[in-house]
Amino acid sequence: MARIVTKRRLNPTVTLLEIESPMIAHKAKPGQFVILRVDELGERIPLTIADFDSIRGTVTIMYQSVGLTTKKLDLLESGDTILDLVGPLGNPTEVDHVKRAVVIGGGVGCAIAFPQAKFLYRAGVHVDVIIGFRNKDLVFLEGSFRKNCTNLYITTDDGSYGEKGFVTTKLKELLDAGEQYDLAIAIGPVPMMRFVAETTKPYGLHTLVSLNPVMVDGTGMCGGCRVKVDGTVKFACVDGPDFDGHLVDYDELMTRNAVYRDQETAAAEVHRCRLQALSDAAMMGGARNG
Amino acid sequence: MADMTSPRTSMPERDPRLRRRTFEEVSLGYTEEMAVAEANRCLQCKHAPCTAGCPVNVRIPEFIAKIAARDFEGAYQAITQTHGAPAITGRVCPQETQCEAKCVRGIKSEPVAIGRLERFAADWHMAQKPAFALPKLPANYTHVAVVGSGPAGLTCAHDLAQLGYAVTLFESFHTVGGVLVYGIPEFRLPKTIIRRAEADLRSLGVQIKTNTVVGRVVTLDELMEEGYRAIFLSTGAGLPKFMNISGEGLAGVYSANEYLTRVNLMHAWNPDYETPLIKSRSVAVVGGGNVAMDAARCAMRMGADEVHLIYRRSEAEMPARAEEVHHAKEEGIQFHFLSNPVAVTNNGSGHASGLTCVKMELGEADSSGRRTARTLEDSEFTLKVDTVIMALGTSPNPLIRMADPNLNVDRKGCIIVDEQTLHTSREGVYAGGDAVTGAATVILAMGAGKLAAQSIARALETQSD
Ligand SMILES: Cc1cc2nc3c(=O)[nH]c(=O)nc-3n(C[C@H](O)[C@H](O)[C@H](O)COP(=O)(O)OP(=O)(O)OC[C@H]3O[C@@H](n4cnc5c(N)ncnc54)[C@H](O)[C@@H]3O)c2cc1C
Ligand code: FES
């Protein structure tokens, strides 16, 4: 059982939860994730650790409410508890010997890009950050990034904030201008990571992508998280979640990630009543999830 | 003298046509009368070959004599002299290759139904004694960590707690039981039995820490620093193998472990739960072991119209328990022997649409006595299926060895131990069960848990002298 200590909306769809878990906070490193189950009836879903504080004994996650589980998470408030929280899982991002890095985040992926940027920057690395959003309303973590990188570039698809265009437009501009990096880290929707990898490839820039396939156990026991990298099968939970972006089979990843999408919609429909009941109860300040 | 040709007393079972769509237990167990009748078939052989055939040497003639004398609690007590979980093993042991294979009655007719009698004694005990104060030695305040809560870990924790040790049981899942909860389905092993074992552990004072992945959130070194004087690793063998054939990465292709975990641990069979699972119409399961049978029977119960089982050798070579194969056939699983998959076909949008196989033939036996399988030319055929479940075997869970380079493992990732003591290459660290042997059986895992408890206790006693 893990207690939520802070809940904050970062933009209309992305929410931050700071959760009490001294053991995980003590061990977490950038790039790792947790698996949580909101309540007895819930699924187990992986979420990247967006921040951790070993003194407060907390880990922070950020999520976009899309599926049933994240919608349920959204009904919880600070003081409520999450039934199961396991972590830290996965391997920390390998950033040894990096001197100049470019960290690229897209949409909710910025939440995951943030700890990477912060960690590198605090280790004395030159860090350029490019974060991209659809429009101005969706921009989040700008202040946090600013404090934790050398240069921050923001792009929006419609130009309503920062520079108009995609993260890859900006990335290419920097690379063409002769910026030298020894590592690119890309985190965001799968198509975005693929485009980043395609952009960096001609420059021979080593690019890590953080993959978020379907998972169950997170310990190498189900193979649900398998991805094809350089023609061989890897389990993202124990071999990743970071992989060489130039070697990942993105098509396979995308179809596998979409397996339950129809069902999610159907399930969301079936469970809508329950969600409604839960949220009614929460509104009345009544039964909290416990 | 008993009639040496009388067959064994059959056990009542749910009708296959009804049970193939529900998760209720298939075998209903003996009544007292049936148990006594079956117990009377036992010849009470003095040399007890059955006991020698049991990996934990249950005193079989002794407990069966007690059943015959209607001393059912006495029968339970006789079993638990050497083995603590008869309700589980009575249901899942491959008796036909162990105790029952050695039964003298089996020469002229059928062996005594030892497994069914074992189950009867255990169920009788549980029904009569819902809470049972377990005997326990006084606490000795020496801490021992057990990592992994499958049959090996449950047994080791239980025995050490009875000896007075302060045991903490670590489990990475949110529920205790290992394969007994995430793999073996409810219709074969009701989970109330595992909950009872868990309650027994708690009443013995065992601390249970679920959601705790050892090697990630805490390392073996840190456990030692925290004051654990010994560690038993019973982390199992769940890492699934795949065939490396084309199309295995398509949506709709599962490992049996993922499929079974969703259905069993995550209760996908219960509509109240939110666990997603593909709604399959036609399923192919690849493999011939218990895991394959469980996956096939679960797929049938999840509503598939047809379930095919593909096995590369013939029925005689199938490693699954005979009873499971029999039940699977009764439930309408279609068996394709001497068939081997070569590709999963794509429906054009990344989802499995069929399984292409070739026919095999068995050749000469190799040095291990297993007949090699050869592909027949031009024998390709494709089953139209929307779901493929790979049940090809598993290897030891990778996390522990990845997290601790000082732990010696063999080429297959099995932890190397001294066979007498189960001690690993690391001081104070022991290991047993599937983590050491690779995928094996519940009873062997329990035997290892028992041996480890004895050997840990011996080592800690000598240290404190
Ligand atoms: C579907 C299926 C059906 C089977 N049917 C039968 C049968 O009918 N009869 C039979 O005899 N055998 C059967 N078996 C085999 C039998 O279940 C296993 O041999 C047995 O469970 C092994 O026990 P174990 O304690 O070694 O490991 P497991 O039961 O695998 O338990 C290991 C536990 O350790 C946990 N763990 C792993 N890593 C860590 C870590 N780093 N930190 C904390 N916890 C960890 C796992 O989550 C798991 O709960 C079957 C197996 C399967 C998969
Ligand atoms: S999540 Fe199950 S193997 Fe990775």
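Residues numbered from 1 in each chain as written. Chains lettered and ligands numbered in written order. Predicted model: local features only at pLDDT ≥ 70, side-chain atom pairs only at ≥ 80, totals over all residues. Heavy atoms only, no water.

**Student:** What am I meant to see in the packing of helix H2 (residues 32–39) of chain B against helix H4 (residues 60–68) of chain B here?
**Tutor:** Residue and element names in this part refer to chain B. Running from N to C, H2 and H4 point in directions that differ by 130°, and their axes come no closer than 8 Å. Here H2 is positioned oblique relative to H4, judged by the angle of their axes. The crossing of H2 and H4 is left-handed. Across the interface between the two elements, Ala35, Val36 and Ala39 of H2 pack against Ile64, Ile67 and Ala68 of H4. (Axes fitted to C-alpha atoms, helices over the stretch in contact; angles between N-to-C directions. Helix = DSSP H or I, 4+ residues; strand = E, 2+ residues; numbered from the N terminus. Parallel < 35°, antiparallel > 145°, perpendicular 65-115°, else oblique. Left-handed = near helix turned anticlockwise from the far one by under 90°. Contact = heavy atoms within 4.5 Å.)

**Student:** Looking at this model, I keep getting lost on the interface of chain A and chain B. Mind explaining?
**Tutor:** Chain A puts 43 residues into the contact, and the matching count from chain B is 44 residues. Surface buried jointly by chain A and chain B totals about 3,600 Å² across both partners, of which 56% is contributed by carbon and sulfur atoms. Taken together, chain A and chain B are joined by two salt bridges. Across the salt bridge formed by Lys72 of chain A and Glu274 of chain B, the nearest N and O atoms sit 2.6 Å from each other. Run the count over chain A and chain B and you get 16 residue pairs in polar contact (both at pLDDT 80 or more). Per-element accounting of the side of chain A that touches chain B gives the leading share, six residues, to strand S8 (residues 84–89) of chain A. Classifying every residue of the side of chain A that touches chain B gives 20 nonpolar, 11 polar and 12 charged. (Buried area = accessible area lost by both parts, 1.4 Å probe. Salt bridge = Lys/Arg side-chain N within 4 Å of Asp/Glu carboxyl O. Polar contact = N/O pair within 3.5 Å; in protein donor to acceptor, adjacent residues only side chain to side chain. Nonpolar A, V, L, I, M, F, W, Y, C, P; charged D, E, K, R; others polar.)

**Student:** Mind showing me how you'd approach the sheet that holds strand S9 (residues 334–336) of chain B here?
**Tutor:** Across a sheet, strands are paired by hydrogen bonds formed along the backbone, either parallel or antiparallel in direction. All names here are of chain B. Strand order in the open sheet formed by five strands is S6-S14-S7-S8-S9, with parallel pairing between adjacent strands. Two strands in the sheet have a free side with no partner beyond their single neighbour: strand S6 (253–255) and S9. Mean inter-strand twist for the sheet, computed between neighbouring axes without regard to direction, equals 20°. In terms of strand pairing, strand S7 (residues 282–286) meets strand S8 (residues 306–310) through five bridges, oriented parallel. (Pairing = 2+ DSSP bridges.)

**Student:** I keep staring at the side chain of Arg297 of chain B and nothing clicks. Help me out?
**Tutor:** Its location among the elements puts Arg297 of chain B in helix H14 (residues 290–301). At a separation of 3.0 Å, a polar atom in the side chain of Arg297 of chain B contacts the side chain of Glu331 of chain B.

**Student:** Can you help me understand the packing of aromatic side chains in this one?
**Tutor:** Here a ring pair, both rings aromatic, is described through the centre-centre distance and the interplanar angle of the planes. Summed over all chains, the structure comprises 11 aromatic pairs over all chains. Pairing Phe235 of chain A with Phe242 of chain B gives two aromatic rings, centres 6.4 Å apart and planes at 85°, and the pair type is edge-to-face. With one member in each of two chains, Phe235 of chain A in strand S16 (residues 232–235) and Phe242 of chain B in the loop between strand S5 (239–240) and S6 form a pair that bridges those chains. Overall, the relative accessible area of 6% leaves Phe235 of chain A in the buried class. By way of ring pairs, the aromatic residues Phe23, Phe187 and Trp269 of chain B are connected into one cluster. We note Arg301 of chain B situated over the ring of Phe187 of chain B; from NZ or CZ to the ring centre the distance is 3.7 Å. Positioned above the aromatic ring of Phe335 of chain B, the side-chain terminus of Lys329 of chain B is 5.7 Å from the ring centre. (Phe/Tyr/Trp six-rings, centres within 6.5 Å; stacked < 30°, edge-to-face > 60°. Buried < 20%, exposed > 50% of the residue type's maximum accessible area, 1.4 Å probe, protein only. Lys NZ or Arg CZ within 6 Å of the ring centre and 35° of its normal.)

**Student:** Would you mind showing me how to read the nonpolar core here?
**Tutor:** Generally speaking, a soluble globular protein has its nonpolar side chains buried in company with each other. In this structure, Leu36 and Leu73 of chain A together with Ile88, Leu223, Leu233 and Ile456 of chain B are the most contacted members of the largest nonpolar core, which totals 85 residues. In terms of residue count, the dominant contributor to this core is helix H18 (residues 442–464) of chain B (nine residues). For Leu233 of chain B, the residues in contact, after removing those within four places along its chain, are Val147, Leu220, Ile400, Leu407, Ile415, Val429, Tyr430, Ala431 and Gly432 of chain B. By size, the runner-up hydrophobic cluster in this structure holds 53 residues, among which are Ala186, Met193 and Phe243 of chain A together with Leu355 of chain B. (Core = buried A, V, L, I, M, F, W, Y, C linked by side-chain atoms within 4.5 Å.)

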